[in-house]
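# Residue-level structural notes
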Amino acid sequence: MAVMTAPAPVKAEAGVSPKSRRKIRDNLTGHAFLIGAVLCFALFMWYPMIRGLVMSFQRTRRGVTTWVGWDNYLRIIDDPSFWVAWKNTFYFTGLALIVGFAVPFFVAIVLNEFRHAKGYLRVLVYLPVMLPPASALFLFKYYAYDPSEAGLFNAILTFLHLPTSEWMQSPTMTMPAMVLASTWMNMGGAVLIYLASLQNISGDLYEAAELDGAGIWKRIWHVTIPQTRLILALLAMMQIVATMQLFIEPLILANGAGTQDSATSVAYLIYQHGFFQNDLNGAAALGVIMLVVLAAFSAVYLRLSTKD
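Owing to the predicted nature of the structure, the values given are computational and were not obtained by experimental measurement.

A word on the environment of Gly 94. Mapping Gly 94 onto the fold places it in helix α3 (residues 80-100). Along the backbone, Gly 94 and Ile 240 are 146 residues apart, and their C-alpha atoms lie at a distance of 8.6 Å.

Moving on: the pattern of salt bridges. Under the definition given, this model contains one salt bridge. With its nearest N and O atoms 2.7 Å apart, the salt bridge here joins Asp 279 to Arg 75. Of this pair, Asp 279 sits in the loop between α13 (266-276) and α14 (280-307) while Arg 75 is found in helix α2 (residues 71-78), placing the two residues 204 residues apart along the sequence. When its relative accessible area of 13% is taken as the criterion, Asp 279 is described as buried.

The subject of this paragraph is the pairing of strand β1 (residues 58-61). Side-chain positions along a regular strand alternate between the two faces of the sheet. Examined bridge by bridge, β1 and strand β2 (residues 64-67) share four bridges and lie antiparallel to one another. Within the sheet, the bridge partner assigned to Thr 60 lies in β2 and is Thr 65. The antiparallel pairing of β1 with β2 creates a hairpin that spans two residues between the two strands, and Arg 62 there sits at a positive phi of about 55°.

What follows concerns the UniProt feature "domain: ABC transmembrane type-1" (unreviewed entry) in the chain. The residues that UniProt annotates with the feature "domain: ABC transmembrane type-1" (unreviewed entry) are residues 86-301. Helix makes up 74% of residues 86-301 and strand 0%, with an end-to-end C-alpha separation of 21 Å.

Once that is clear, we can look at the side chain of Ser 262. Along the chain, the position of Ser 262 falls in the loop between α12 (248-253) and α13. Among the polar contacts made by the side chain of Ser 262, one reaches the side chain of Thr 174 at a distance of 3.3 Å. When near neighbours in sequence (up to four residues on either side) are disregarded, Ser 262 contacts Asn 88, Pro 171, Thr 174, Met 175 and Ala 257.

For helix α10 (residues 216-227), with 12 residues, the first-to-last C-alpha span of 15 Å sits near the 16 Å given by 1.5 Å per residue. What α10 keeps buried is the set Arg 219, Ile 220, Val 223 and Thr 224. Buried residues in α10, looked at end-on, bunch into an arc of 120°, giving them a common side. Exposed residues lying more than 90 degrees from the buried face of α10 are Trp 217, Lys 218, Trp 221 and His 222.

Bringing unusual backbone geometry into the picture now. Among all residues except glycine, the phi angle is most often negative; among peptide bonds, the trans geometry is most common. Unusually for a residue other than glycine, Trp 167 sits at a positive phi of about 55°. With respect to the element layout, Trp 167 can be found in the loop between α7 (152-159) and α8 (174-198). Phi is positive for Asn 278, close to 55°, though the residue is something other than glycine. Within the secondary structure, Asn 278 is located in the loop between α13 and α14.

About the cut-offs
Residues numbered from 1 in each chain as written. Predicted model: local features only at pLDDT ≥ 70, side-chain atom pairs only at ≥ 80, totals over all residues. Heavy atoms only, no water. Helix = DSSP H or I, 4+ residues; strand = E, 2+ residues; numbered from the N terminus. Salt bridge = Lys/Arg side-chain N within 4 Å of Asp/Glu carboxyl O. Buried < 20%, exposed > 50% of the residue type's maximum accessible area, 1.4 Å probe, protein only. Pairing = 2+ DSSP bridges. UniProt positions renumbered as here; feature names shortened; annotations may be inferred. Polar contact = N/O pair within 3.5 Å; in protein donor to acceptor, adjacent residues only side chain to side chain. Contact = heavy atoms within 4.5 Å. Expected span 1.5 Å × (residues − 1). Arc of directions from axis to C-beta.

If you want it as structure tokens, here you go:
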């Protein structure tokens with residue numbers, strides 16, 4: 001009698017499951033996007049930074065490049081315009097922190113109190129940000145800062161029976177005028193960020209402060225500022241970094257250096273060395289110095305914020 005044997009089990013087909021294939025495909029897609037971003041950063045940010053650092057230790061003349069060590073840095077530091085540019089840059093940054101940092105915060109506080117037309121007011125405040133910076137600065141230069149009585153600001157001063165100003169032609173008014181124009185152009189983004197932060201503050205805190213007899217200034221000092229201090233610190237650091245790269249304002253409003261070098265900034269000095277004096281190595285050295293200074297400010301901020 002023949003013995004019946006059970007059929008051998010069919011082996012599972014070798015290969016990758018559909019779920020694994022889908023996971024690999026998703027990973028490859030994500031890595032492809034990541035590689036593209038890394039290549040863009042490497043080509044347009046990291047390579048210029050490394051190339052500038054290398055050029056700061058070189059000197060190129062008649063197509064011949066030689067290593068000169070710290071000579072470019074010593075030459076730049078010995079230039080009197082180097083210290084004038086840093087003084088002007090720090091002066092502009094200080095004024096911008098006093099005016100350009102405080103004004104958007106208080107504008108946001110005022111807008112947050114409105115119950116109607118909030119969208120319209122936000123668009124109105126943000127509108128200058130949408131203008132090209134060059135167009136806005138030319139508007140200030142030829143319309144607002146006209147040194148004659150036809151200028152907007154001088155016309156207002158004349159109407160108020162106050163002395164007029166030469167604005168960009170005056171060494172003492174150059175920096176305040178540039179801060180005013182820069183604040184008007186750039187405060188829209190900061191105002192919207194502050195508004196978003198203010199709307200996250202619980203109304204119970206204001207009610208408790210009001211019941212304790214706190215006036216509007218005390219409510220701002222004891223409730224609003226403590227509740228938004230992280231955003232305030234972050235935007236303060238961003239403003240310091242941005243204002244220390246002052247360039248387009250002196251270039252357009254003051255034709256570069258301004259009267260008696262009152263508008264010369266570090267960024268404009270880099271531009272002068274690179275494009276007017278054909279001193280790319282000196283410009284690279286000055287750029288590295290600016291990078292170190294901004295990195296020091298950023299390190300201090302990160303240290304303080306981490307400790308906090």
